[in-house]
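# Inside the fold
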Amino acid sequence: MALERNPAIETDPFRGSDDAVKQQAKIDFMRRRNADRVKRLLNSKQRAIGADPAALARQIQEREEAKLEEQEETQAYVEYEAHMRDVVEEREQSFKAQDREFERSLAKEWDGEVAERAERRAKIASEDLRCDPAKTGPAGAQVFEGEDPTAEERTKLQNLNVRSWLAQQEAEKAARVDEEKDELLRYAAYERFVAAERADLEDEENEERSRVRYELRVKNEEDAERRRLVAEARKREVAQIEAAEIDRRLSDPELCENTAVARSALGAHRYRPDHFKGFAREQVAQLLKENDTLVEENYAAKSEEKQIDDDYDASQAELLRLAHDEEERYRHDVWRRNKKYEDDVVAQRAAERERRRKSERDRFGAIAPGGFLDGFGKSAR
């Protein structure tokens, strides 16, 4: 039987010198390797090698048993939850029944006490408590220990005290509610005031910045106009000096030789250059002195222009420094106002929390020792 060629063990599948040939060889090699891999995967005999059917069956059975056990545990947990719900509901029903029975017995007891008090009041009202000395003996004037002749008045006074205390508590509660509302209104008004003040400050600061910018712009325009005027004046002066110099050179007989003097008698078109003998020493010295004067004037003009530029740069630096200082002051003021506002808000929040805690603490009032209701609910005997 012929052996099948395995492309995975080829020694040099990319043999060749041309790049296109090498690329095509790579593609063919990858295709052959993928085809061989697919053939191996589709072969059921090779794919089943090494499998254990008994172990696989045991694993499947164990998984099914675990699934059944989990279902049984889930069902048992559901039944336990239902039983617990029934027990809890039964106990709640029994507690509610006991509460209803207690409420009925308590209402019956209170009704009996009300009827007893009404019967006692009717009996007392029907009896004649006046003492007839002719019908009674010396024992009728005795006072028995424990007798309370002022019980009814004391009861009325206690009722009045209770009603006044309840009215006072209701009034204090209403006052606290009104005070909370007023505090909220005051806080809202304060917030509006702070917002308005902040808006006014911001408007003022914006106006101040606009004014400073406008003054800087005006100052810059004035400096630019002054520099322009100085430059124009200097330019006109230089033009005048140059025009005068040109005119002097053109009209000065020492610098411009008269051609009529050098003309020859032999013809109008002939000249005698030997007539011009040059300048004298005094004239040369005067020309050099004038040249030095022109150089000094040019140097002075340049120095003046440099001084003007330095003054302008110094003024610009001073303006920038002032603007920077103003900006730093504005930032510091903004930070200080924000810090003050934050501190005020924190203090108000702390005061509000303290007031709420005090309100919660004093909501139902208290009977303080030595106060108006001290001893309330205690027997007078």
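Residues numbered from 1 in each chain as written. Predicted model: local features only at pLDDT ≥ 70, side-chain atom pairs only at ≥ 80, totals over all residues. Heavy atoms only, no water.

## Some remarks on the overall build of the protein
- Each helix and strand counted, the protein has five helices and two strands in total.
- Burial statistics for the protein: of 381 residues in total, 7% are counted as buried.
- For the protein, contacts bridging at least 24 residues in sequence account for 66% of all contacts bridging at least 6.
- When the accessible surface of the protein is summed, it comes to about 33,200 Å², and 55% of that surface belongs to carbon and sulfur atoms. (Helix = DSSP H or I, 4+ residues; strand = E, 2+ residues; numbered from the N terminus. Buried < 20%, exposed > 50% of the residue type's maximum accessible area, 1.4 Å probe, protein only. Contact = heavy atoms within 4.5 Å. Areas by Shrake-Rupley, 256 points an atom, 1.4 Å probe, with all protein chains shown as cover.)

## So, the pattern of salt bridges
- Inspection of the entire model under this criterion finds 22 salt bridges.
- As a salt-bridge pair, E101 and R104 come within 2.6 Å of each other at their nearest N and O atoms. Linking E101 with R104, this pair stays in helix α3 (residues 53–126), spanning three residues, or about one helical turn.
- Of the charged contacts in the structure, one is a salt bridge between E232 and R228, with a shortest N-O distance of 2.5 Å. With E232 and R228 both in helix α4 (residues 151–251) and four residues apart, the pair spans about one turn of that helix.
- Among the residues examined, E232 registers a relative accessible area of 31% and is labelled partly exposed.
- Taken together, the shared-partner salt bridges connect E180, E352, R355 and R356 into one network. (Salt bridge = Lys/Arg side-chain N within 4 Å of Asp/Glu carboxyl O.)

## Brief notes about the packing of aromatic side chains
- Counted under the stated rule, the structure contains zero aromatic pairs.
- The ring of Y341 has R198 lying over it, and the distance from NZ or CZ to the ring centre is 4.6 Å.
- The ring of Y330 carries R209 above its face, with NZ or CZ at 4.5 Å from the centroid. (Phe/Tyr/Trp six-rings, centres within 6.5 Å; stacked < 30°, edge-to-face > 60°. Lys NZ or Arg CZ within 6 Å of the ring centre and 35° of its normal.)

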